Amino acid sequence: MRTHRRPTFALSFLLLSTLLGMLLVACGTSSTNGTGSTTASGCKSSANTSSTANNTPVNRPISFSEQNHKLGGAAKAVQNVSIGLGYIPDIQFAPFYVAKSKGYYSAAGLNVTFNHGIVPDLVGSMVAGKNNFVFASGDEMLVARDKNVKAINVATIFQKYPVSLIVPANSPIKTLADLKGHTIGEPGPFGATHTGLLALLYKANLSLSDVKVQAIGFTQVAALSAHRVDAVMGYANNEPLQLQKRGVAVRTFLASDYQPLISNGIVTTEDTYHNSPQMVRDFVQATLKGLRDVIADPTQAVETSKSYIPGLTNTDQALEVLKATIPLWQGSGRLGYNDSATWQSMEKFLVAQKMIAPVQDISQAYTNQAIE
């Protein structure tokens, strides 16, 4: 990990005066954000403004590296960048929180804002100008591209699709084929859990008419514990952990172990990717630094995330979820990597489900240039 250089006491008074002069000049300049709008940049003598998960400004000391990225060089213009993370502040976004907390974004000249909230069309909201990036799944993005939304995946963070079908350990459902005739609970016919269910049925040569699907909302743990359903769709790093804490032993069928799917990654518009390639690369590289730090020290990542997740007090539970999430980020390949075979297999599955039309050139939907 690169460390920031700090000025030494050996610097001459003339050099220090020059640096201070450049900082004062920078205070009156403007910078262009990722959406093409221009924002004024202001400076204070001893504090800089950053944002927490709810975008509330907080003051912290200005580091030398943030104001002058190369010792003796001109201050780098700061670019405002935002990413729509969706959902609510959560430990699953720890790589982003750590990257911001450790100054990886600011070292690249990026002032990053995290926008949380459940948005029905996250990719569409980005194209409409709300964010420079969104954290969206590959299937979600292909559905958007099928509607002529010009979006591109520049780094897949979850190397494994995190959705699982969960059954009690003593269930007669031993294979996917055994699902026929059984009752499966899911939050509803939407989102990743529904896509995961369709993928599992697809690989078992079954359809929705071969099983009994019940919309149970987000009550998977209670429904399976009370045997109201035979199986539930949930997340591999969530519901199985909760059920085990209740003393309910379970078995899981991870969707990506059967049908390759591209999960959540960093998505931007084609315009942003082509017109601001360095900004895209800087954002991806800084995020991957945060991801590596989370994997190396999940305990510290939980502590760091407290500043971004209001009400996070059960650090033991957060750490448990984080440790269960790390294997989903790692997969069996490089962090952030977009696997062409997985994209191709997912495209065939989505076409078979009539969710999208056949894609002429699937390679246009993703790139690995930003992770190189």
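The preceding data block contains the structure.
Residues numbered from 1 in each chain as written. Predicted model: local features only at pLDDT ≥ 70, side-chain atom pairs only at ≥ 80, totals over all residues. Heavy atoms only, no water.

S.K.: Sorry if this is basic, but what is going on with helix α13 (residues 298–305) here?
M.R.: Along an α-helix, a turn takes 3.6 residues, which lines up residues three or four apart on a common side. Of the positions making up α13, those classed as buried are Pro298, Ala301, Val302, Thr304 and Ser305. Along α13, the residues classed as buried sweep out an arc of 160° about the axis, all on the same side. Against the buried residues of α13 lie α3 (94–101), α12 (277–296) and α14 (315–330). (Buried < 20%, exposed > 50% of the residue type's maximum accessible area, 1.4 Å probe, protein only. Helix = DSSP H or I, 4+ residues; strand = E, 2+ residues; numbered from the N terminus. Arc of directions from axis to C-beta. Contact = heavy atoms within 4.5 Å.)

S.K.: Help me understand the side chain of Ser171, please; the structure alone is not making it clear to me.
M.R.: Note on placement: Ser171 falls in the loop between β9 (163–168) and β10 (183–186). Of note is the side chain of Ser171, whose polar atom sits 3.0 Å from the backbone nitrogen of Ile173. (Polar contact = N/O pair within 3.5 Å; in protein donor to acceptor, adjacent residues only side chain to side chain.)

S.K.: Is there a simple way to think about the pattern of salt bridges in this case?
M.R.: Pairing of side chains with opposite charge becomes possible as their charged atoms draw close. All chains considered together, the criterion is met by 5 salt bridges. Taking the shortest distance from any N to any O, the salt bridge between Lys102 and Asp293 comes out at 3.1 Å. Placement of Lys102 in the loop between α3 and α4 (104–107) and of Asp293 in helix α12 is noted, with a sequence separation of 191 residues between them. For Asp293, a relative accessible area of 16% corresponds to the buried category. Put simply, Glu320 and Lys245 hold a salt bridge, and the shortest N to O gap is 3.2 Å. Here Glu320 is found in helix α14, whereas its partner Lys245 is found in helix α9 (residues 239–245), with 75 residues between them in sequence. For Lys245, a relative accessible area of 54% puts it in the exposed group. (Salt bridge = Lys/Arg side-chain N within 4 Å of Asp/Glu carboxyl O.)

S.K.: What exactly am I supposed to notice about the side chain of Ser125 here?
M.R.: With respect to the helices and strands, Ser125 occurs in helix α5 (residues 122–127). Beyond its immediate sequence surroundings of up to four residues, Ser125 is in contact with Val119, Lys130 and Asn131.

S.K.: Explain the sheet that holds strand β11 (residues 212–215) to me, please; I cannot follow it from the model alone.
M.R.: The strands that make up a sheet pair up through hydrogen bonds in the backbone, lying either parallel or antiparallel. The mixed open sheet is built from 5 strands, whose spatial order is β11-β10-β12-β9-β13. At either margin of the open sheet sits one strand with a lone partner, and together these are β11 and β13 (250–254). Sheet twist, expressed as the average angle between the axes of neighbouring strands with direction ignored, equals 30°. Taken together, the 5 bridges between β9 and β13 define a ladder with antiparallel strand orientation. Each residue of the ladder has a partner; that of Leu165, found in β13, is Phe253. Contacts from helix α7 (residues 191–203) reach β9, β10, β11, β12 (231–235) and β13 within the one sheet, and its direction differs from that of β12 by about 125°. (Pairing = 2+ DSSP bridges. Axes fitted to C-alpha atoms, helices over the stretch in contact; angles between N-to-C directions.)

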